[in-house]
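Descriptive analysis of the structure
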Amino acid sequence: MNAAAAQAFDRLCAGAPLSEAEFERLLLDKSRSLRQEARARAGELAALRFGRTVHFRAIVETTNVCSRDCRYCGLRRENAALRRYRMDEEAIHACCGQAYRLGIRTFVLQGGEDPALTDERIAGLVRSLLASFPGAAVTLSFGEKSLGGYRKFFEAGASRYLLRHETADPAHYRQLHGERQSWWNRMACLHALKDIGFQTGCGMMVGTPGQTATALARDLAFMQSFRPHMIGIGPFLPAAGTPFAGMSPGDAGLTLFLLAVCRLMLPDVLLPATTALRTLDPSGCRQGILSGCNVLMPNFTPDEFKADYAIYDGKPRTSGEASLASLRAEVEAMGYRPGQGRGDWMPLAGGSAAGGEHDA
Ligand code: 5AD
């Protein structure tokens, strides 16, 4: 570990805010010692903070119709090879009911930006799910909507929203999304979600084409100031039918290091060991938890649609029940236990468990 990186790491562990340059120094130091130390510290911090609890969320991918053309994503509009589907309300209820009976108390409804999925339909769905499944939380992940739409979802009772920022670097954002999608709008959406009162999730992929250490440092600096309640980070994995098909996947070790840095930077954050990480690395669940993750999201999309939600190649097709059972077994074998209840974000009382004081 070089001296500049060691100094930045000490400050991170002490709960001090880091500059973008300091984050970059951490990223450029690829020594085993730094990566391992960060992951071990983050894992210990999460174990302490959450009492070796891991929250389970059921993800239901309700539509793969998308009006966007994100260059990395297999659901992009221009991918004509993909069979498109849209689940009706009854089918969504059936999936959530299955998860609910298995003890899961958070439903994550995710989908492409499907024009048929109006704000009213989303709000109605949230209302009916909350009425049918007492004590459950609904997280939405339907991309960029209007401020009015987000407000409707919140009023309907949705309490969390996941919208990855994808990259905090506007030039890199253009490389990933083309000229027609606005980085500024993405940022405006994230701020609106937080202002409305959603527990808000952002995040990015690791190893997207054109991503530099500077861009990743900017992601970390952005998240440090934005203070999301949830962060989704997974490796980029190439998807058939996209301009990035055939490109190299992101690096699992770097992904785990970034997860660890996020845990140390935001001790309270809800941090999943993402499906993409678990797809790239068969030990991703265990490694993720040991690096500070405290959330797992088994996929309860009906088997008949799973293959069509092809955001990247090689996405597992295991049924919700089976993947919940195997993830639960893994967690328990590590001496951790599944969280009870909704598993909402909760602020850490007092100073940072990392050692020092966090700024307000
Ligand atoms: N590889 C990894 N992650 C991807 N996502 C979309 N396409 C890919 C891919 N090819 C991620 C994006 C998006 C989230 C739902 O999935 O970050 O926000």
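The structure displayed is predicted, hence computed values, not measured ones.

The rules behind each value
Residues numbered from 1 in each chain as written. Predicted model: local features only at pLDDT ≥ 70, side-chain atom pairs only at ≥ 80, totals over all residues. Heavy atoms only, no water. Salt bridge = Lys/Arg side-chain N within 4 Å of Asp/Glu carboxyl O. Helix = DSSP H or I, 4+ residues; strand = E, 2+ residues; numbered from the N terminus. Pairing = 2+ DSSP bridges. Axes fitted to C-alpha atoms, helices over the stretch in contact; angles between N-to-C directions. Contact = heavy atoms within 4.5 Å. Buried < 20%, exposed > 50% of the residue type's maximum accessible area, 1.4 Å probe, protein only. Arc of directions from axis to C-beta. Core = buried A, V, L, I, M, F, W, Y, C linked by side-chain atoms within 4.5 Å. pLDDT = per-residue confidence, 0-100. 1 Å grid on protein atoms, 1.4 Å probe; cavity = no way out; pocket = protein on both sides within 12 Å on 5 of 7 lines; lining within 4 Å. Points joined across faces, edges and corners; volume = space filled by probe spheres on them. Nonpolar A, V, L, I, M, F, W, Y, C, P; charged D, E, K, R; others polar. Near = heavy atom within 4 Å. Polar contact = N/O pair within 3.5 Å; in protein donor to acceptor, adjacent residues only side chain to side chain. Areas by Shrake-Rupley, 256 points an atom, 1.4 Å probe, with all protein chains shown as cover. Sits in = over half its atoms within 2 Å of the grid points. Phe/Tyr/Trp six-rings, centres within 6.5 Å; stacked < 30°, edge-to-face > 60°. Lys NZ or Arg CZ within 6 Å of the ring centre and 35° of its normal.

1. Things to note about the pattern of salt bridges
- Per the stated rule, a full pass over the model turns up 19 salt bridges.
- With a shortest N-O distance of 2.5 Å, Asp308 and Arg83 are connected by a salt bridge. Remark: Arg83 occurs in the loop between β2 (58-63) and α4 (89-101) and Asp308 occurs in the loop between α13 (303-306) and α14 (320-333); sequence separation between them is 225 residues.
- For Arg186, the salt bridge goes to Glu166, with nearest N and O atoms at 3.8 Å. Remark: Glu166 occurs in the loop between β5 (160-162) and α7 (170-177) and Arg186 occurs in helix α8 (residues 183-196); sequence separation between them is 20 residues.
- By sharing partners, the salt bridges in this structure join Arg68, Glu113, Glu144, Glu166 and Arg186 into a single network.

2. Some points on the sheet that holds strand β6 (residues 199-206)
- Strand order in the open sheet formed by six strands is β2-β3-β4-β5-β6-β7, with parallel pairing between adjacent strands. Each of the sheet's edge strands pairs with one partner strand only, and the pair in question is β2 and β7 (230-235). Pairs of neighbouring strands in the sheet enclose a mean axial angle of 20 degrees, with direction left out of account.
- Both β2 and strand β3 (residues 106-111) contribute to a ladder of five bridges, which runs parallel. Pairing of Ala58 across the sheet is with Phe107, part of β3.
- Helix α9 (residues 213-226) contacts β6 and β7 of the sheet and is inclined by roughly 170 degrees relative to β6.

3. Some words on helix α2 (residues 20-28)
- By the burial criterion, the buried members of α2 are Glu22, Phe23, Leu26 and Leu27. What you see down the axis of α2 is that its buried residues fit within an arc of 145 degrees, all on one side.
- Looking at the buried side of α2, the elements it contacts are α1 (3-13), α3 (32-50), α9 and α10 (252-265).

4. Regarding the nonpolar core
- By size, the foremost hydrophobic cluster in this structure holds 104 residues, and its most contacted members are Leu109, Leu140 and Met223.
- Per-element tally for this core: the top contributor is α10, with eleven residues.
- The residues contacting Leu109, other than those within four sequence positions of it, are Val60, Thr62, Ile92, Cys96, Leu125, Leu129, Val138, Thr139, Leu140, Ser141 and Phe142.
- Counting residues in hydrophobic clusters, the runner-up holds six residues, among them Ile59, Val108, Leu270 and Val295.

5. Some details on the confidence of the model for the chain
- Confidence in the prediction of the chain, expressed as mean pLDDT, is 96, and 97% of residues score 70 or more.
- A low-confidence stretch, residues 351-360 stays under pLDDT 50, and its non-local contacts, those more than four residues away or across chains, total 22 contacts.

6. Overview of empty space enclosed by the protein
- Counted by the stated rule, this structure contains two cavities of 30 Å³ or more.
- Roughly 1000 Å³ of internal volume is contained in the largest cavity.
- Gln110, Ser141, Arg164, Glu166 and Ile311 are, among the 49 residues lining the largest cavity, the residues nearest its centre.
- Of all the secondary structure elements, the ones that give two or more residues to the lining of the largest cavity are β2, β3, β4 (137-141), β5, β6, β7 and α11 (275-280).
- Size it by volume and the second largest cavity reaches roughly 30 Å³.
- Forming the boundary of the second largest cavity are Ala46, Ala47, Phe50, Arg52, Thr53, Ile289, Cys293, Asn294 and Tyr336.
- The element that contributes the greatest number of residues to the lining of the second largest cavity is α3, accounting for three residues.
- Grouping the amino acids of the lining of the second largest cavity by side-chain chemistry returns six nonpolar, two polar and one charged.

7. What to know about the site of the ligand
- The ligand sits among Tyr72, Cys73, Gln110, Arg164, Glu166, Met205, Pro235, Phe236, Leu237, Ile311 and Tyr312.
- Within the side chain of Glu166, a nitrogen or oxygen atom sits 2.5 Å from an oxygen atom of the ligand.
- When the free accessible area of the ligand is taken as 400 Å², the share hidden by the protein chains comes to 87%.
- Put simply, the ligand lies in the largest cavity.
- Residues belonging to the shell around the ligand are distributed by class as follows: eight nonpolar, one polar and two charged.

8. Describing the packing of aromatic side chains
- Applying the stated rule across the entire model yields eleven aromatic pairs.
- Summarising the aromatic geometry, the rings of Tyr100 and Phe133 are spaced 5.1 Å apart at their centres and angled 45 degrees between planes, so their arrangement reads as tilted. Highlighted residues: Tyr100 in helix α4 and Phe133 in the loop between α5 (119-132) and β4, separated in sequence by 33 residues. Both residues of the pair, Tyr100 and Phe133, belong to the buried class.
- Here the aromatic rings of Phe236 and Phe244 are separated by 6.2 Å at their centres, their planes lie at 85 degrees, and the arrangement is edge-to-face.
- Owing to a relative accessible area of 1%, Phe236 belongs among the buried residues under this scheme.
- Aromatic rings pair up to connect Tyr150, Phe153, Phe154, Tyr161 and Phe198 into one cluster.
- For Lys194, the ring lying beneath its charged end belongs to Phe226, and the centroid distance is 5.0 Å.
- Over the face of the ring belonging to Phe56 we find Arg328, whose NZ or CZ atom lies 5.9 Å from the ring centre.

9. What about the environment of Leu125?
- Within the element layout of this structure, Leu125 appears in helix α5.
- With residues near it in sequence (within four places) discarded, Leu125 still touches Glu89, Ile92, His93 and Leu109.

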